[in-house]
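This is what each chain is made of:
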Amino acid sequence: MYPTPQQEQQMLLHCAHARYVWNLAVEQHSHWYRGRKAAPGFAGQCRQLTEARRDNEWLGSGNADVQHKR
C-alpha cells in the first residue's frame, strides 16, 4: 500500500481515534471492583460513543465504523 501523504494522515487520524476509544473502554473496565456496578457492555459503550461523537467535534469528525470496532 502506497498512500498519498493526505491518505497517510487520514489513516493515522483513524488509528488515533480508535486508540483513544479503546483506551477509554479499557479504563472503564479496569475501575471495576467487587460490589461496584459493572462497566457498561458493548451496547452501552456504543451509546456512550454516540454521545461523545455528538459532543466532541474532533471525535465526531472521525470514522464511526473505525471507532466502534473492538
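Residues numbered from 1 in each chain as written. Predicted model: local features only at pLDDT ≥ 70, side-chain atom pairs only at ≥ 80, totals over all residues. Heavy atoms only, no water.

Student: Run through the overall build of the chain, naming residues and quoting values.
Tutor: Counting its secondary structure elements, the chain contains four helices and zero strands. Along the chain, from the amino end to the carboxyl end, the secondary structure elements read α-α-α-α. The C-alpha atoms of the chain give a radius of gyration of 14 Å, which is well past the 11 Å a tight globule of 70 residues would have. Taken along the three principal axes of its C-alpha coordinates, the chain extends 50 × 25 × 15 Å. Taking all 70 residues of the chain together, 16% fall into the buried category. A separation threshold of at least 6 residues defines the contact pool for the chain, and within that pool the share at least 24 residues apart is 41%. If you sum the accessible surface of the chain, you get close to 5800 Å²; carbon and sulfur atoms cover 56% of it. Separation of charge centres in the chain, based on 9 positive and 6 negative side chains, amounts to 12 Å. (Helix = DSSP H or I, 4+ residues; strand = E, 2+ residues; numbered from the N terminus. Rg over C-alpha atoms; globule rule 2.2 N^0.38 Å. Buried < 20%, exposed > 50% of the residue type's maximum accessible area, 1.4 Å probe, protein only. Contact = heavy atoms within 4.5 Å. Areas by Shrake-Rupley, 256 points an atom, 1.4 Å probe, with all protein chains shown as cover. Lys, Arg positive; Asp, Glu negative; His and termini not counted. Charge placed at Lys NZ, Arg CZ, Asp CG, Glu CD.)

Student: Outline the environment of histidine 14, listing residues and values.
Tutor: Within the secondary structure, histidine 14 is located in helix H1 (residues 5–30). For the pair formed by histidine 14 and histidine 68, sequence separation is 54 residues and the distance between their alpha carbons is 11 Å. Beyond its immediate sequence surroundings of up to four residues, histidine 14 is in contact with Asn63 and Val66.

Student: So, H1: which residues are in play, and what are the values?
Tutor: Along an α-helix, residues three or four apart share an orientation, since each turn contains 3.6 residues. If you check H1, its first and last C-alpha atoms are 37 Å apart, about what 26 residues at 1.5 Å a residue would give, namely 38 Å. Within the span of H1, buried status applies to His17, Val21 and Ala25. Packing partners of the buried residues in H1 comprise helix H2 (42–55), helix H3 (57–60) and helix H4 (64–68). (Expected span 1.5 Å × (residues − 1).)

Student: Explain H2 residue by residue, including any values.
Tutor: With 14 residues, H2 extends 20 Å from end C-alpha to end C-alpha; this agrees with the ideal 20 Å at 1.5 Å per step. For H2, the elements touching its buried residues are H1, H3 and H4.

Student: Talk me through the side chain of arginine 53; I want residue IDs and the actual numbers.
Tutor: Mapped onto the secondary structure, arginine 53 falls in helix H2. Leave out the neighbours within four places in its chain, and arginine 53 touches Leu59, Gly60, Gly62, Asn63, Ala64 and Gln67.

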